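Take a look at the letters that make up each chain.
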Amino acid sequence: MAEFHKADVEKLIDGVLPWPAVQDMMKSAKDTDRFDKYIEILQERVPWDEQILLPLTPSLFIIARHGARVVKCRCGHEFGDYRVNWKLSALIHVRDDEESLSKVYKGREMPDPTWVQVREYICPGCGAQLEVEAVPRGCPPDFDFLPDLDTFYREWLGRPLPDTAQFKDLTPDLVAEWRA
Ligand SMILES: [Zn+2]
């Protein structure tokens, strides 16, 4: 089994993959207390004080600061507005040939490197591997999860956030800026 597959399974067993955990809580009718406790535990585990609005991965969080909503790593490194795919600001290690792919896949599990590449997204602050994706060559980074924070806090938790932000994927705007 590929190393990162095993890691994913371990995370599932530990129940720490954040989004499935939150979805699970949302299924149990208005279980806001469980969500609050979950956030409380996460908050205790990070070395900084900004309020966690929602976890994205075991190491990445959307935090609130002065009306902005920012993606922040456990180590403190920030990736900017949560509506822009944070992967664009990460370090990326690409495995796209047999030699590099054979380090994470064994034998017949290995995808065809002429079609598929494995991208590892690394935090520039602490070097932690934040996410791994196996995708067709050349396709843009997958924007895994853009949560509608205002709806989530207002409709589900019943306590709207003090500010609102337009719910929109801003990734194309950043890419357009790069092209300009
Ligand atoms: Zn980091």
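Throughout what follows, the structure given in this document is the object of discussion. (Residues numbered from 1 in each chain as written. Predicted model: local features only at pLDDT ≥ 70, side-chain atom pairs only at ≥ 80, totals over all residues.)

What about the environment of E131?
Tracing the chain through its elements places E131 in strand β7 (residues 129–136). As for E131 and T57, which are separated by 74 residues in sequence, their C-alpha atoms are 8.0 Å apart. Setting aside residues no more than four positions away along its own chain, E131 makes contact with T57, K87 and Y121. (Helix = DSSP H or I, 4+ residues; strand = E, 2+ residues; numbered from the N terminus. Contact = placed C-beta atoms within 7 Å.)

Description of the nonpolar core
In this structure, L56, L60, I62 and V71 are the most contacted members of the largest nonpolar core, which totals 15 residues. For this core, the secondary-structure elements that each account for two or more residues are β2 (60–65) and β3 (68–73). With four residues, the top contributor of residues to this core is β2. In this structure L60 touches V71, C73, W86 and L130, once residues within four positions along its chain are discounted. (Core = buried A, V, L, I, M, F, W, Y, C linked by C-beta atoms within 7 Å. Buried ≥ 20, exposed ≤ 12 C-beta atoms within 10 Å, placed from the backbone.)

Notes on the environment of D96
Here D96 lies in the loop between β5 (91–95) and α4 (98–101). Separated by 38 residues in sequence, D96 and A134 have C-alpha atoms that sit 9.9 Å apart. Excluding anything up to four places from it in sequence, D96 contacts P113, Q117 and R137.

Section: the sheet that holds β2
Sheet strands pair via backbone hydrogen bonds, and the direction of the pair is either parallel or antiparallel. Pairing is antiparallel in the open sheet, where four strands are placed in the order β1-β2-β3-β4. A single partner strand is all that each edge strand has here, and the edge strands are β1 (51–55) and β4 (78–81). Each neighbouring strand pair of the sheet contributes to a mean axis angle of 30°, computed without reference to strand direction. One ladder, built from three bridges, connects β3 with β4; its direction is antiparallel. Bridging across to β4, K72 finds its partner in E78. (Pairing = 2+ DSSP bridges. Axes fitted to C-alpha atoms, helices over the stretch in contact; angles between N-to-C directions.)

Re unusual backbone geometry
Across the chain, the bulk of peptide bonds are trans and the bulk of non-glycine residues have phi less than zero. Positioned with a positive phi, H66 is a non-glycine residue whose angle comes to about 45°. With respect to the helices and strands, H66 occurs in the loop between β2 and β3.

Details of the sheet that holds strand β6 (residues 116–122)
The three strands are arranged β5-β6-β7 in an open sheet whose pairing can be described as antiparallel. A strand with exactly one partner marks an edge of an open sheet, and here the two such strands are β5 and β7. Taking each pair of neighbouring strands and ignoring which way they run, the sheet shows an average axis angle of 20°. Pairing of β5 with β6 involves five bridges; the strand directions are antiparallel. When the bridges of β6 are listed, H93 appears paired with E120.

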